[in-house]
Amino acid sequence: MMSQYGPLVRLSVPGAPVVVATSNADHVRQVMTATLHDPRRHFFLSLKKVRDETPGNYFQGRAGLLPENGAEWWRVRSRVQAPLLQPRSVSRYLPMVDQVAVTFMDRLEGCLSADRQVPDDFLGELYKWALECVGLVALDRSLGCLGPSLPSDHPSVSMIHHINEIFGAVNDTEHGMHSWQHHNKSKAYQRLEHSHNAFLKLAAKCIDESRASLATGKRPVHGTVPTGNSSCTVSGRAGHDGRTVMQTLLETDGLSTSDVATILLDMLIAGVDTTAHCAAFTLYLLARNPSKQRKLQMLIDQELGNQEDGGSLTTENLTRLPYITHILKESLRLFPITTGTNRLLTEDLELSGYRIPAGTLVFGCMTQMSRDERYFRDASQFIPERWERSRPHGPIHPYASLPFSHGKRMCIGKRIAEQEIYTLLVRVLQRYDVTFNSTEEMKVQTQVVLKPDIRLAFKFTHRK
Ligand code: HEM
């Protein structure tokens, strides 16, 4: 539509607010600035309805960070900002997340074919890695996702299945007609209700167990990551001011136990497909750009020597590897995980001479902007160096690539996700050369989050 009508497009869907989509980064700046103090998203309405109607009144009318807006959203958000986004509190989890990356690779080694190909369901393996990582931060425990031979009915496998289903069903409920809001429940809505409530049952059990072990002071599962045949307990206390994230949240004034459970639930739902897909896209780009991969390997070797079997990664190690942050930014530019920014205007706004009335949903089309030559020279190329402070490939518009969004409502898991991806890349590239054993170009399935839509034909060969 943008190639037909230009960078500003108005769409009207019955039963939903008018949408104005833009691929102009100045517009995104204007919208983000205008909504800075009351950033409302018009999304996850179906999730809110499901939560409002959950049997047993589990959510007590408060549907959590993902679907809520206004005062109710800020009541929760203002209290979770520090424990989830402060570098200090996230980096305390680094040794555990690092251990997960090492365990993941030990597990992977056992799944590689004779010619070093990853299994067909490599994305499924990445989901397990991502759930294990976010489970450690949210629930203070291992979910056992990386056990040696996981049965298909293992709770963590079921959780992953339900999370995938939730995203698929939300995609259909939110992007289709919103008839489910008024009368009969559509098929998609019923799928969402089913997968959400099944996921809730599994996750609530884990949340209760973790809470109970915190209360008794016995934390038998804390930081325990299964490593092949044995178990490795990572010492040290994680979280904000020495407390774990869960502990901090439970002790925060103004958050009820049910609020905390909802936050943890949202972290699990939002923290699996996103990070796993991002890891897949990043490994793909590195495999397709061997000179960039070699450069990162060389920098990792310089920083860590042959520390592969030694101590765990430190924040200092990562700080001295700025190239890895450039790699992730560039990967998220080319494959941004979400399609764009989503803000409901609370006041009229003028964009390029058009008056956009309050109540309109303005969508910043990131998939368009981040591959636009106006904003990125050689936009289709993977050039991590463009993110160096000196901007050697030209200036970068600060609103043209916002993979974690911006302002008060930006992704609450940004630092958690970054830390997970950095550790995975370091541990993979220390051990392996990664190639892609297919000529097929990456294709993307666009649902709520962008998903790789080709077989992930990676080959992991031991480095000489
Ligand atoms: C590469 C990985 C990830 C990407 C690209 C990503 C991106 C995003 C984006 C674009 C938003 C919308 C923000 C807005 O509307 O302004 C968001 C929200 C959110 N993300 Fe992430 N995310 C990632 C990983 C995670 C992880 C690991 C977690 C869990 C800890 C998480 C939890 C959340 C939550 C709870 C929200 C809702 C925040 C709110 O509305 O206040 N995300 N994310």
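Going by the annotation in an unreviewed UniProt entry, the name recorded for the protein chain is Cytochrome P450 49a1, with Hirondellea gigas given as the source organism. Word for word, the UniProt comment on the protein chain under Cofactor (unreviewed entry) is "heme".

Participant: Can you help me understand the site of the ligand in this one?
Facilitator: What surrounds the ligand is a group of 24 residues, the closest being Arg41, Arg343, Ser405, Arg409 and Cys411. The separation between an oxygen atom of the ligand and a polar side-chain atom of Arg343 is 2.7 Å. Ser405 is positioned with one of its side-chain polar atoms (N or O) 2.5 Å from an oxygen atom of the ligand. Among the elements that take part in the shell around the ligand, helix H12 (residues 273–288) stands out by supplying three residues, more than any other.

Participant: Before we go on, may I ask you to explain the domain arrangement of the protein chain in this structure?
Facilitator: Buried accessible area, meaning the area lost when the parts come together, often serves as the stated size of an interface. Annotation of the protein chain at the domain level lists domain 1 (1–34 + 339–402) and domain 2 (41–333 + 413–462). The C-alpha-based centres of domain 1 and domain 2 are spaced at 27 Å. At the junction of the two partners, domain 1 supplies 23 residues and domain 2 supplies 20 residues. Regarding the contact of domain 1 and domain 2, the summed buried area is about 1900 Å², with carbon and sulfur atoms giving 59% of it. Three residues stand out in domain 1 for area buried against domain 2, namely Phe382, Pro384 and Trp387, and they jointly supply 38% of the buried area on that side. Across the domain 1-domain 2 interface, the total number found is three salt bridges. Residue Glu385 pairs with Lys295 through a salt bridge whose shortest N-O separation is 2.9 Å. At the junction of domain 1 and domain 2, the tally comes to 10 residue pairs in polar contact (both at pLDDT 80 or more). For the side of domain 1 that touches domain 2, the per-class residue count stands at 10 nonpolar, seven polar and six charged.

Reading the values: the criteria
Residues numbered from 1 in each chain as written. Predicted model: local features only at pLDDT ≥ 70, side-chain atom pairs only at ≥ 80, totals over all residues. Heavy atoms only, no water. UniProt positions renumbered as here; feature names shortened; annotations may be inferred. Near = heavy atom within 4 Å. Polar contact = N/O pair within 3.5 Å; in protein donor to acceptor, adjacent residues only side chain to side chain. Helix = DSSP H or I, 4+ residues; strand = E, 2+ residues; numbered from the N terminus. Domains from an automatic or database assignment. Contact = heavy atoms within 4.5 Å. Buried area = accessible area lost by both parts, 1.4 Å probe. Salt bridge = Lys/Arg side-chain N within 4 Å of Asp/Glu carboxyl O. Nonpolar A, V, L, I, M, F, W, Y, C, P; charged D, E, K, R; others polar.

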